[in-house]
Amino acid sequence: MRLPPPAPLAALALLSALAALLAPASAARAEDDPAQDSAQDPAQDSAQDPAQDPTQGDTLTVTAPRDPHDAPSEELEGRAAATLRDVDVREQVARSTPEALRGVAGTYVQQTAHGQASAYIRGRTGRQTLLMVDGFRLNHALFRQGPNQYLFTIDPLSVERLEVLRGGASVWLGANALSGAVLVRSKGPSLRAPASAALTLLRTGADGGLGGRAEADLTLARGFGLFVGAGGVTRGPLEASGPLPLKPGLTAAQRIEKSVPRFEADGRTQLGTGYDALSADVAARLQLRGALRGEWTAAARLFRQYNAPRTDLCPPSEAPEGWCLTYNEQFRTHAYTRLALRLGLALAERAEAGVSFQRQHERRTNDRVHYQNIGRDAVRVWEARLKARTRPLDLAGGALRLHYGLDGSAEGVESKAWTRLVRSSVTRQDARGQYLDDSAYLRGEGWAGARWRRAGAWGAWGARLGARLSAARAEAPGDERSSSRAVSRGWAGPTYGGGLTWTPPVREGGPQASPLSLHLNVEQGFSAPNLDDLTARQLTGQGYQVENPALAPERATTYELGARLRARGVEAELWGFALELRDGIERRDAACPPADFGCQGSRTAPPFTLINLPGAAWVLGAEHALTVRLPLRLSLREHASYAWGEGPSPLPSEPGLTRPLSRIPPLNGAVALRWSAPEGALRGAPLSGYLGYEARWALAATRLSFGDQLDQRIPYGGTPASLTHGALFGLRWGAHELLGVVENLTDVPYRTHGSSVNGAARSLNVSLRLAL
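On a predicted model such as this, the values are computed, not experimentally measured, just so you know.

**Q** Report on the overall build of the protein chain, specifying residues and quantitative values.
**A** Counting its regular elements, the protein chain contains eight helices and 36 strands. The buried share among the 772 residues of the protein chain stands at 58%. Taking the intrachain contacts of the protein chain between residues at least 6 apart in sequence as the baseline, contacts between residues at least 24 apart amount to 71%. Surface accessibility of the protein chain: about 30,600 Å² in total, with carbon and sulfur atoms responsible for 61%.

So, in structure tokens, the structure goes:
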């Protein structure tokens, strides 16, 4: 295996050294400022918990929670993680939930379409990352290698908090968390006021988007609340700043082969963009008092997206403009209930149980000149989860708490396809759909872990250790007409993980807690092949995928070292990691099945299949983030991330050789400077506001895998480097706010690596929120 080039790592080290130089001075200036102290609220659950160390929080946004729902997820403790609050999402005027993650270190957002996007965490996405919504899995048996639709089915205005955990997390969160996880917490009843309501209106310039959301938070009785919300958006064609500059020396055929996206005659409006969407949710929350103490919650949430073209296939690079793959319906329906109790027992001080039902529905049409392919897929997921924790136990002068749980799911798949002849309007059902109809997928997991903390003369120590046993089974019927083999397979495997945190001792008379903490983590991951891997036949950006029923589970081990500094005025973190991926799934060229005319007629690229790599693949990298509060009410935020991936070649003709892993993001980052006006600064009125500047950058992505080289979304030679500038502003009066972002100030064409869509042209996005 070749080592990564040292220049990007050296750049990260230089930036981190700058953070270290800034930290002491900023801390000294703020040390004697009592206004900087944050009060601890006695209502905070962790404040009364002897097993919790307040120095161990792991988000860059640090507040004093006044409600258990405000506390960060315990899975983030001691890990590389970041949190976005609802106000952070609103200030971005984000078009989607994935887009809101662009400012998180170690996270890179790829867009296959205007209405689809996927988050890469430490260079991996799809089944190798775990998405969870309100404690339940968004991942399901049809998750693709690039699951562009699914995180997009969460309305960004319905989100209370987004948490991104970078690094393996299968032990504490479950299967698929090989490289990280995104944890979504939706809005719900706050139980803080008799009633409140808000109306948010949105306007985005580059796509002419118009949208809004109305929501109400009602406290109907003591300890009982109801939350309702509904919203919608319509977006037109997306204007870019023009096509990307092409690599010199390309032939005329090569210029056509990867002409993605296609443009209208003005050279700026991208074909295959625009969509409509609706969302709605209702949630209830009841606090239980008396002998049975705890909380019951229930919610139903839905998202409906209509007419979202897949940009790289609307039209394909070499096809007439009438050719278009459109997702006419992308629906998510999610209902769940959860009961959390404070039992006070030695082995179950607290326990939580929940049941969830989720249905993902997709209907698409692929228009050709003389015919139309129609597909309809749906997956129904029933999930149950149970977890508990013990009372804290005294051990070696510290506090030990045990955690344990069970979770599992049962999934059923519907998949059908039709071909309609345009001239005669005759429609016939195909032998099979994108998947095998009436397939099923079962998953069951059990886990246990321990967290220990101790404070003494040698500083504060924290340790965690855990194990999980994961099992999965796939069942799919065969189909002779389409030469599809039946699948009846099962897998099981253990994962282990642990971590160590050390906070140095503080000097006498100094702050109550040391601002520095050091972290060492080793986490394993497990991901069994799903029904998409085993049975799918579908068009993708890298060609036409045909099934491989013989795939084995992927297994990973993450090794990471980190340092975090949280002094007054400065927050900084630096992480280095190595991800070892065994039996990793990559793409390899294949032959079309005998009776599959969709494969034989594919114009995008030769067919491919998924295989397990014959040896270990590695992803190495580093990431850092820095926030500094400067004089004159200025603040500076900066982050950078680098990942380098390589593994055995998937090609039989290259035994013993290595190739880059697919779609690893280049060295990238962002820097933002912001000025905040104090409340009442404008003639004593209850007004506050801010002005800001932001730059996002990425180096050229030139290390391409076999699949990347076939991918028409990735230009010959790789994705060019980019640097974009933006401005942001906000004005708040009371509970009302006017927020805005000016995108791409210099109006340069750019694209995130692996995307079909070029970034937006210079444009203004505005959000108006009115408290009712």
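**Q** Give a description of the nonpolar core that names residues and reports values.
**A** Counting residues in hydrophobic clusters, the biggest one holds 29 residues, and the most contacted among them are Leu101, Ile154, Leu162 and Val184. Sorting the residues of this core by element identifies β1 (80-85), β3 (116-121), β4 (130-133), β6 (159-166), β7 (180-186), β11 (275-288) and β12 (294-309) as the ones contributing at least two each. Not counting residues within four places of it along the chain, the set of residues in contact with Ile154 comprises Thr97, Val133, Leu138, Val159, Val184, Phe303 and Arg332. Ranked by size, the runner-up nonpolar core spans 22 residues in total, among them Leu436, Ala476, Ala528 and Leu534.

**Q** Could you give me a rundown of the side chain of His753, with the residues and numbers involved?
**A** Looking at where His753 falls in the secondary structure, it is placed in the loop between β35 (736-743) and β36 (763-771). Classification of His753 by relative accessible area gives buried; the value is 3%. Within the local environment of His753, its side chain forms a polar contact with the side chain of Thr719, the two groups lying 2.8 Å apart. Apart from residues no more than four positions distant in its own chain, His753 is found in contact with Tyr108, Gln110, Arg663, Ile664, Pro666, Ala701, Leu704, Ile714 and Thr719.

**Q** Let's hear about the sheet that holds strand β28 (residues 608-612): which residues, and what values?
**A** Strands sit in the order β23-β24-β28-β27 across an open sheet of four strands; the sheet is mixed. Only two strands of the sheet have a single partner each, and these edge strands are β23 (538-540) and β27 (585-589). Neighbour-to-neighbour, the strand axes of the sheet open up by a mean angle of 45°, direction not taken into account. Here five bridges tie β27 to β28, and the two strands are oriented antiparallel to one another. Bridge pairing in β28 links Asp589 to Phe608.

**Q** Residue-level account of the pairing of strand β29 (residues 617-630), with values.
**A** Most of β29 sits inside the fold, with eleven of its 14 residues counted as buried. Note that strand β26 (residues 570-582) and β29 share twelve bridges and pair antiparallel. Its bridge partner lying in β29, Leu579 is registered against Val619. Summarising the sheet, β29 and strand β30 (residues 634-648) pair through 13 bridges and their orientation is antiparallel.

**Q** Describe the packing of aromatic side chains, with residues and values.
**A** Counting across every chain of the model gives seven aromatic pairs. Ring geometry for Phe143 and Tyr150: centres 4.8 Å apart, planes at 15°, overall stacked. Take Phe143: its relative accessible area is 1%, and that puts it in the buried class. Its relative accessible area of 4% is what places Tyr150 among the buried residues. Seen in terms of ring centroids, Tyr306 and Phe331 are 5.4 Å apart; in terms of plane orientation they differ by 70°. Their pairing is edge-to-face. One end of the pair, Tyr306, is in strand β12; the other, Phe331, is in strand β13 (residues 324-342), with 25 residues separating them in the sequence. With relative accessibility at 28%, the residue Tyr306 sits in the partly exposed group. What makes Phe331 buried here is its relative accessible area of 15%.

**Q** Account for the state of the cysteines, naming residues and giving values.
**A** On inspection of all chains with the given rule, the structure shows one disulfide. In this model Cys314 forms its disulfide with Cys324; the gap between the sulfur atoms is 1.8 Å. Judged by the torsion about the S-S bond (-90°), the Cys314/Cys324 disulfide is left-handed. Of this pair, Cys314 sits in the loop between β12 and β13 while Cys324 sits in strand β13, placing them ten residues apart in sequence. Residue Cys324 is classed as buried on the basis of its relative accessible area of 10%.

**Q** Give me the lowdown on the sheet that holds β1, citing residues and values where you can.
**A** In a beta sheet, neighbouring strands are held together by backbone hydrogen bonds and run either parallel or antiparallel to one another. Read across the sheet, five strands follow the order β1-β6-β7-β4-β5 without closing on themselves; strand pairing throughout is mixed. Unpaired on one side and paired on the other, β1 and β5 (136-137) mark the two borders of the sheet. Relative to β7, β4 runs parallel, the two being bridged by four bridges. Looking at β7, one finds that Val133 is bridged to Val184.

**Q** Describe unusual backbone geometry, and please don't skip the residues or the numbers.
**A** In this structure, the amide linkage connecting Val260 to the following residue, Pro261, adopts the cis form with an omega of 0°. Following the sequence through the fold, Pro261 ends up in the loop between α5 (252-257) and β11. Cis geometry is adopted by the peptide bond preceding Pro315, which originates at Cys314 and carries an omega value of -5°. Relative to the helices and strands, Pro315 resides in the loop between β12 and β13. Positive phi outside glycine occurs at Asp438, with the angle close to 70°. Position of Asp438 relative to the elements: it lies in the loop between β18 (427-429) and β19 (440-456). What makes Asp438 exposed here is its relative accessible area of 63%. For Leu632, which is not a glycine, the phi torsion comes out positive at approximately 60°. As for its placement among the helices and strands, Leu632 is situated in the loop between β29 and β30. With a relative accessible area of 71%, Leu632 lands in the exposed category.

**Q** Give me a nonpolar patch on the surface: which residues, what numbers.
**A** On the surface, Trp458, Trp461, Leu500, Leu520 and Leu561 cluster together to form a nonpolar patch covering roughly 550 Å² of accessible area. Note on placement: Trp461 falls in strand β20 (residues 459-476).

**Q** Could you give me a rundown of the pattern of salt bridges, with the residues and numbers involved?
**A** Taken as a whole and judged by the stated rule, the model has 58 salt bridges. A salt bridge links Glu215 to Arg769, with the shortest nitrogen-to-oxygen separation between them at 3.6 Å. Taken together, the residues Glu215 in strand β9 (residues 209-221) and Arg769 in strand β36 connect sequence positions 554 residues apart. With respect to class, Glu215 is no different from Arg769; both count as buried. One salt-bridge network, held together by shared partners, links Asp134, Asp155, Lys187, Arg213, Glu215, Asp281, Arg301 and Arg769.

Basis of the calculations
Residues numbered from 1 in each chain as written. Predicted model: local features only at pLDDT ≥ 70, side-chain atom pairs only at ≥ 80, totals over all residues. Heavy atoms only, no water. Helix = DSSP H or I, 4+ residues; strand = E, 2+ residues; numbered from the N terminus. Buried < 20%, exposed > 50% of the residue type's maximum accessible area, 1.4 Å probe, protein only. Contact = heavy atoms within 4.5 Å. Areas by Shrake-Rupley, 256 points an atom, 1.4 Å probe, with all protein chains shown as cover. Core = buried A, V, L, I, M, F, W, Y, C linked by side-chain atoms within 4.5 Å. Polar contact = N/O pair within 3.5 Å; in protein donor to acceptor, adjacent residues only side chain to side chain. Pairing = 2+ DSSP bridges. Axes fitted to C-alpha atoms, helices over the stretch in contact; angles between N-to-C directions. Phe/Tyr/Trp six-rings, centres within 6.5 Å; stacked < 30°, edge-to-face > 60°. Disulfide = S-S within 2.5 Å. Patch = residues over 30% accessible without salt bridge, like charges linked within 9 Å, V, L, I, M, F, W, Y side chains within 5 Å. Salt bridge = Lys/Arg side-chain N within 4 Å of Asp/Glu carboxyl O.

These figures capture arrangement, not role.
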